[in-house]
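One-letter residues, chain by chain:
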Amino acid sequence: MTVQLETDAVIDLTDLLPLSDSREWHRAACRGDPNHEAWFPYPSQDFEYAREVCAGCPIRDACGEFAARTGQSGVWGGHEFDRGRMIRP
């Protein structure tokens, strides 16, 4: 499956699935974390746990860029996103 983005860039489904991306996602500090709720907090919830995990992650910047580029929601790169827009730094 491919997706046409507004910028005329075409990406494959594997580009949207970070764990299947063979480049650097295997190094993510959050990979395999059992605390799933921490990565998708309600707007009124604190996301300090996720921020702490992200703080030491070797792919933090790439993760945040991925979230913005592909319209993700939740905590990515130490920031909270809503459909690709950063809502909490």
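About the criteria used
Each residue is numbered by its place in its chain's sequence as written, counting from 1. The model is predicted, so local features are restricted to residues of pLDDT at least 70 and side-chain atom pairs to those at 80 or more, both for listing and for counting; the totals for chains, interfaces and linings are taken over all residues. Only hydrogens and water are set aside; all other atoms, that is, all heavy atoms of the structure, feed into the side-chain values. Each helix corresponds to a stretch of at least 4 residues labelled H or I by DSSP, and each strand to a stretch of at least 2 residues labelled E; elements are numbered beginning at the N terminus. Only protein chains enter the calculation, and the probe is 1.4 Å; a residue is then buried if its accessible area is under 20% of its type maximum, exposed if over 50%, and partly exposed in between. Two residues qualify as a contact provided that any one of their heavy atoms is within 4.5 Å of a heavy atom in the partner residue. We get accessible surface area from the Shrake-Rupley algorithm with a probe of 1.4 Å; when it comes to residues, only the shown protein chains can shield them. Pairs of strands are assigned from DSSP output, requiring at least two bridges between the strands. A fitted line through C-alpha atoms serves as each axis, taken over the contacting stretch for helices, and the angle formed by two N-to-C directions is quoted from 0 to 180°. Cavities and pockets are defined on a 1 Å grid built over the protein atoms alone: a cavity is a set of grid points where a 1.4 Å probe fits but cannot escape, while a pocket is an open set with protein on both sides within 12 Å along at least five of seven lines, and lining residues are those with an atom within 4 Å of any such point. Grid points are joined across faces, edges and corners, and a volume is the space filled by probe spheres set on the points. Note on residue classes: Ala, Val, Leu, Ile, Met, Phe, Trp, Tyr, Cys and Pro are nonpolar, Asp, Glu, Lys and Arg are charged, and everything else, Gly too, is polar. Note on ring pairs: Phe, Tyr and Trp rings are taken, using the six-membered ring of Trp, and paired if centres are within 6.5 Å. Classes follow the plane angle, with under 30 degrees stacked, over 60 edge-to-face and the rest tilted. Two limits define a charge over a ring: the Lys NZ or Arg CZ must be within 6 Å of the ring centre, and within 35 degrees of the ring normal.

**Thoughts on the overall build of the protein**
1) Next: When helices and strands are counted, the protein shows three helices and five strands.
2) Next: Counting only residues that meet the buried cut, the protein has 34% of its 89 residues in that class.
3) Next: At a minimum sequence separation of 6, the contacts of the protein that also span at least 24 residues come to 37%.
4) Next: Accessible surface, the protein: about 6000 Å² in total, of which carbon and sulfur atoms supply 53%.

**Observations regarding the sheet that holds strand β4 (residues 79-82)**
1) Next: With antiparallel pairing, the three strands of this open sheet are ordered in space as β3-β4-β5. Each edge of the open sheet is held by one strand with a lone partner, namely β3 (74-76) and β5 (85-88). Between one strand axis and the next, the sheet turns by 50° as a mean value, whatever way the strands run.
2) Next: Where β3 meets β4, three bridges bridge the pair, whose relative direction is antiparallel.

**Structural notes on empty space enclosed by the protein**
Unfilled space is identified by rolling a water-sized probe across the atoms.
1) Next: Following the criterion strictly, the structure yields one cavity of 30 Å³ or more and no others.
2) Next: Put simply, the largest cavity is a space of about 60 Å³.
3) Next: Lining the largest cavity are Trp25, Ala28, Ala29, Cys30, Trp39, Val53, Cys54, Cys57, Ile59, Arg60, Cys63 and Gly77.
4) Next: Residue assignment for the lining of the largest cavity shows that the elements contributing at least two residues are α2 (48-55) and α3 (60-70).
5) Next: Class assignment of the residues belonging to the lining of the largest cavity gives a composition of 10 nonpolar, one polar and one charged.

**Here we look at the packing of aromatic side chains**
1) Next: Across all of its chains, the model carries two aromatic pairs by this definition.
2) Next: Ring geometry for Trp39 and Tyr49: centres 6.4 Å apart, planes at 65°, overall edge-to-face. Pair noted here: Trp39 is in the loop between α1 (13-16) and α2 and Tyr49 is in helix α2, with a separation of 10 residues, a long-range link.
3) Next: Measuring from ring centre to ring centre gives 5.5 Å for Phe66 and Trp76, while their planes differ by 40°; the resulting arrangement is tilted. Residue Phe66 is located in helix α3, and its partner Trp76 is located in strand β3; the two are separated by 10 residues in the primary sequence. Grouping residues by exposure puts Phe66 and Trp76 together as buried.
4) Next: We note Arg51 situated over the ring of Phe47; from NZ or CZ to the ring centre the distance is 4.3 Å.

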